[in-house]
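# Residue-level structure breakdown
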Protein chains: 2
Amino acid sequence: MKKLKKLEPLGTESLVDKVETRLLMFFKENKLVPGDAIPKEIDFATSLGVSRTVVREALLRLRTLGLVESKKRRGMILKQPDIINNFARILDPTLLGEDTLKQLFELRLILEMGMADFLFENRNEEDLDELEKIVAAEEATDTHQIRFSLDKEIAFHGKLYQMSNNVTLQKFQDLLLPVFNYVYLKDTENTNLDDYHYSEGEFVSHRMLLETLREGTPETFRNAMRRHLEPHFDHALKTGGR
Amino acid sequence: MKKLKKLEPLGTESLVDKVETRLLMFFKENKLVPGDAIPKEIDFATSLGVSRTVVREALLRLRTLGLVESKKRRGMILKQPDIINNFARILDPTLLGEDTLKQLFELRLILEMGMADFLFENRNEEDLDELEKIVAAEEATDTHQIRFSLDKEIAFHGKLYQMSNNVTLQKFQDLLLPVFNYVYLKDTENTNLDDYHYSEGEFVSHRMLLETLREGTPETFRNAMRRHLEPHFDHALKTGGR
């Protein structure tokens, strides 16, 4: 018999992909909103001309993504997806590639530079007092070291994110934290910690950022933050390989 | 017989949840990285003392999230998840709640304010020329209207994101675009378009942003961008209800 090329299986994978996409289109076209019931598995199977197994797998995916949920006696309904929860499950730095990690690190710098207006809009005495406590605690523990300390950064900057009054941003930051730590620790493994230094004379401390947040404007705060983040920017721009 | 409280079913849902979490912990503890093979369904079932069906569903979820994939003859292996693809599937503005939409809209403003340093780091003649063309085309089509136009915004700002040289940021923006459009159209449905006006005299156009990008510094660019985004900031801060 003539030697034949192997017949590749069609694969249910791609069919499930297609059904997933078609279901999403179907919801959209029918302008379904969270809370609306969706047709039964068997109805989808009949309409699409595919097996129930394929439809079931596609629906399971949508359930995994939090787009649909099963309700007792009501069948399946559309659900408002929790974008942060989805992100959380996949954002394990050990599984992300070098490029993605670098880009997420840059994203953090971008977010901190960009959120000034919202900090000024929402600042109140209570929050500023809490920041004051964080800064005072820092100053009490270390005497005069200017060097970057991860814990101090997290307490202070985490509070800033909280003050932005944007829950999505805040949760996003919570998720990105392990990424930052990972990138930071990875980078400093080979480098001397002192490489993470302030490139020019002026050092903008957390104390100075706090004062700017009390007395300044979004504009002066952005400039202060840029100076504060200087070593990280130097690092990000240096390792660009752009 | 005494009236008894209903015995609630344990639900396979929560068991699958637990198995999903345990599998993720298992990968982490064993420091598995993308490309590494993972144990078989049956082995997981035995170790965890649950049915194969439960393990299968948990693994299906991880496959949906892009964390594992099936390889011919190799069983399942860990995979580098595509964080953007995951985001893309759930980011349908019609399914997101009011609060989330508002927060994502703010996030856009934050990103555009924050990315200046990366634009200056990566700007080159080719990109600046392309921006020039976009601005020139704008100027040719509308004579002297200052009013906000969605298409023009997308062309110009989309190019800026591209110039940031951060693919994750860029894709993130692509995903957020429908959200912005949705929020914008929703807001202007009830409001007169003219409400989206520039609150004070000075108007920073795309042309002026481009000039700043050519001749200025990240700092002057941030200030120009803040003025350019003024109506959006006014809108975001006004509708805060904070």
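The present account deals with the structure reproduced in this document. On a predicted model such as this, the values are computed, not experimentally measured, just so you know.

## Let's talk about the overall build of chain A
Helix and strand content of chain A: twelve helices and two strands. When its helices and strands are written in sequence order, chain A yields α-α-α-β-β-α-α-α-α-α-α-α-α-α. Residues counted as buried form 48% of the 242 residues belonging to chain A. Across chain A, contacts joining residues at least 24 apart in sequence account for 71% of those joining residues at least 6 apart. Summing over all exposed atoms, chain A offers an accessible surface of approximately 12600 Å²; the carbon and sulfur share of this is 53%.

## Points about the packing of aromatic side chains
All told, the structure shown has nine aromatic pairs over all chains when counted by the stated rule. Taking 5.7 Å as the distance between ring centres and 35° as the angle between the ring planes, the aromatic pair formed by phenylalanine 118 of chain A and phenylalanine 233 of chain B counts as tilted. Placement of phenylalanine 118 of chain A in helix H6 (residues 116-122) and of phenylalanine 233 of chain B in helix H12 (residues 230-238) is noted, with the two residues assigned to different chains. Comparing phenylalanine 118 of chain A with phenylalanine 233 of chain B, the two get one shared label, buried. Where phenylalanine 172 of chain A meets phenylalanine 172 of chain B, the ring centres are 5.7 Å apart and the plane angle is 10°; that geometry is what we call stacked. Of this pair, phenylalanine 172 of chain A sits in helix H9 (residues 167-190) while phenylalanine 172 of chain B sits in helix H9 (residues 167-190), which puts the two residues in different chains. Judged by its relative accessible area of 4%, phenylalanine 172 of chain A is buried. Each residue in the set Phe26, Phe27 and Phe44 of chain A is aromatic and connected to the rest through ring pairs, giving one cluster. Directly above the aromatic system of phenylalanine 233 of chain A lies the positively charged group of arginine 226 of chain A, at a separation of 4.0 Å from the ring centroid.

## Examining the interface of chain B and chain A
Each partner contributes to the interface: chain B provides 61 residues, whereas chain A provides 61 residues. Across the chain B to chain A interface the summed buried area is about 5600 Å²; carbon plus sulfur atoms make up 62%. There are four salt bridges connecting chain B and chain A. Here arginine 63 of chain A and glutamate 57 of chain B are joined by a salt bridge, their closest N and O atoms 3.1 Å apart. Counting across the chain B and chain A interface gives twelve residue pairs in polar contact (both at pLDDT 80 or more). If you list the elements that add at least two residues to the side of chain B that touches chain A, you get helix H1 (12-29), helix H3 (52-64), helix H4 (83-90), helix H5 (98-114), helix H6 (116-122), H9, helix H11 (218-228) and H12 of chain B. In terms of residue count, H5 of chain B provides more of the side of chain B that touches chain A than any other element does, ten residues in total. Among the residues making up the side of chain B that touches chain A, the classes are represented as 29 nonpolar, 14 polar and 18 charged.

## Notes on the packing of helix H11 (residues 218-228) of chain A against H11 of chain B
Relative orientation of the contacting elements H11 of chain A and H11 of chain B amounts to 145°, with a least axis distance of 11 Å. Handedness of the H11 of chain A/H11 of chain B crossing: right-handed. Residues Glu219, Arg222, Asn223 and Arg226 of chain A of H11 of chain A form the contact with H11 of chain B, whose participating residues are Glu219, Arg222, Asn223 and Arg226 of chain B. Of the residues assigned to the contact of H11 of chain A with H11 of chain B, the class counts are no nonpolar, two polar and six charged.

## Comments concerning the relation of the copies chain B and chain A
Mapping chain B onto chain A calls for a screw motion: a turn of 180° about the axis and a shift of 0.1 Å along it, with 0.3 Å RMSD after fitting. Classification of the inter-copy transformation places it as that of a two-fold axis. In terms of proximity to the rotation axis, the leading residue of chain B is glycine 114 of chain B, whose C-alpha is 1.9 Å off the axis. The share of interface residues of chain B whose copies in chain A are also at the interface is 98%, consistent with both copies meeting through the same surface.

## Considerations on the environment of threonine 21 of chain A
Residue and element names in this part refer to chain A. Here threonine 21 shows up in helix H1 (residues 12-29). Assessed through its relative accessible area of 43%, threonine 21 is described here as partly exposed. Separated by 37 residues in sequence, threonine 21 and alanine 58 place their C-alpha atoms 8.8 Å apart.

## Quick look at the pairing of strand E2 (residues 75-78) of chain B
The two faces of a sheet get side chains in turn, since along a regular strand they alternate between them. Residue and element names in this part refer to chain B. The pairing of strand E1 (residues 68-71) with E2 spans four bridges and is classified as antiparallel. Each residue of the ladder has a partner; that of lysine 71, found in E2, is glycine 75. The antiparallel pairing of E1 with E2 creates a hairpin that spans three residues between the two strands, and arginine 73 there sits at a positive phi of about 60°.

## Overview of helix H3 (residues 52-64) of chain A
All names here are of chain A. Taking 1.5 Å per residue, 13 residues should reach 18 Å; H3 reaches 18 Å between its end C-alpha atoms and fits that length. Taken together, the buried positions of H3 are occupied by Val54, Val55, Glu57, Ala58, Leu59, Leu60, Arg61, Leu62 and Thr64. Glycine 66 sits one or two residues past H3 and shows a positive phi near 80°.

## What to know about helix H7 (residues 125-141) of chain A
Residues and elements named next belong to chain A. Its 17 residues give H7 an end-to-end C-alpha distance of 24 Å, which sits within 8% of 24 Å, the value for a rise of 1.5 Å per residue. Burial in H7 covers these residues: Asp127, Leu128, Leu131, Ile134, Val135 and Glu138. Viewed end-on, H7 has its buried residues packed into an arc of 115°, placing them on one side of the element. Exposed side of H7, more than 90 degrees from the buried face: Glu125, Glu126, Lys133, Ala140 and Thr141 are the residues found there.

## Considering the packing of H3 of chain A against H3 of chain B
Viewed as axis vectors pointing N to C, H3 of chain A and H3 of chain B meet at an angle of 75°, and their least axial separation amounts to 9 Å. Classified by the interaxial angle, the pair formed by H3 of chain A and H3 of chain B is roughly perpendicular. On H3 of chain B, the residues touching Glu57, Leu60, Arg61, Arg63 and Thr64 of chain A of H3 of chain A are Glu57, Leu60, Arg61, Arg63 and Thr64 of chain B.

Rules behind the numbers
- Residues numbered from 1 in each chain as written.
- Chains lettered and ligands numbered in written order.
- Predicted model: local features only at pLDDT ≥ 70, side-chain atom pairs only at ≥ 80, totals over all residues.
- Heavy atoms only, no water.
- Helix = DSSP H or I, 4+ residues; strand = E, 2+ residues; numbered from the N terminus.
- Buried < 20%, exposed > 50% of the residue type's maximum accessible area, 1.4 Å probe, protein only.
- Contact = heavy atoms within 4.5 Å.
- Areas by Shrake-Rupley, 256 points an atom, 1.4 Å probe, with all protein chains shown as cover.
- Phe/Tyr/Trp six-rings, centres within 6.5 Å; stacked < 30°, edge-to-face > 60°.
- Lys NZ or Arg CZ within 6 Å of the ring centre and 35° of its normal.
- Buried area = accessible area lost by both parts, 1.4 Å probe.
- Salt bridge = Lys/Arg side-chain N within 4 Å of Asp/Glu carboxyl O.
- Polar contact = N/O pair within 3.5 Å; in protein donor to acceptor, adjacent residues only side chain to side chain.
- Nonpolar A, V, L, I, M, F, W, Y, C, P; charged D, E, K, R; others polar.
- Axes fitted to C-alpha atoms, helices over the stretch in contact; angles between N-to-C directions.
- Left-handed = near helix turned anticlockwise from the far one by under 90°.
- Least-squares fit on C-alpha atoms with pLDDT ≥ 70 in both.
- Pairing = 2+ DSSP bridges.
- Expected span 1.5 Å × (residues − 1).
- Arc of directions from axis to C-beta.
- Parallel < 35°, antiparallel > 145°, perpendicular 65-115°, else oblique.

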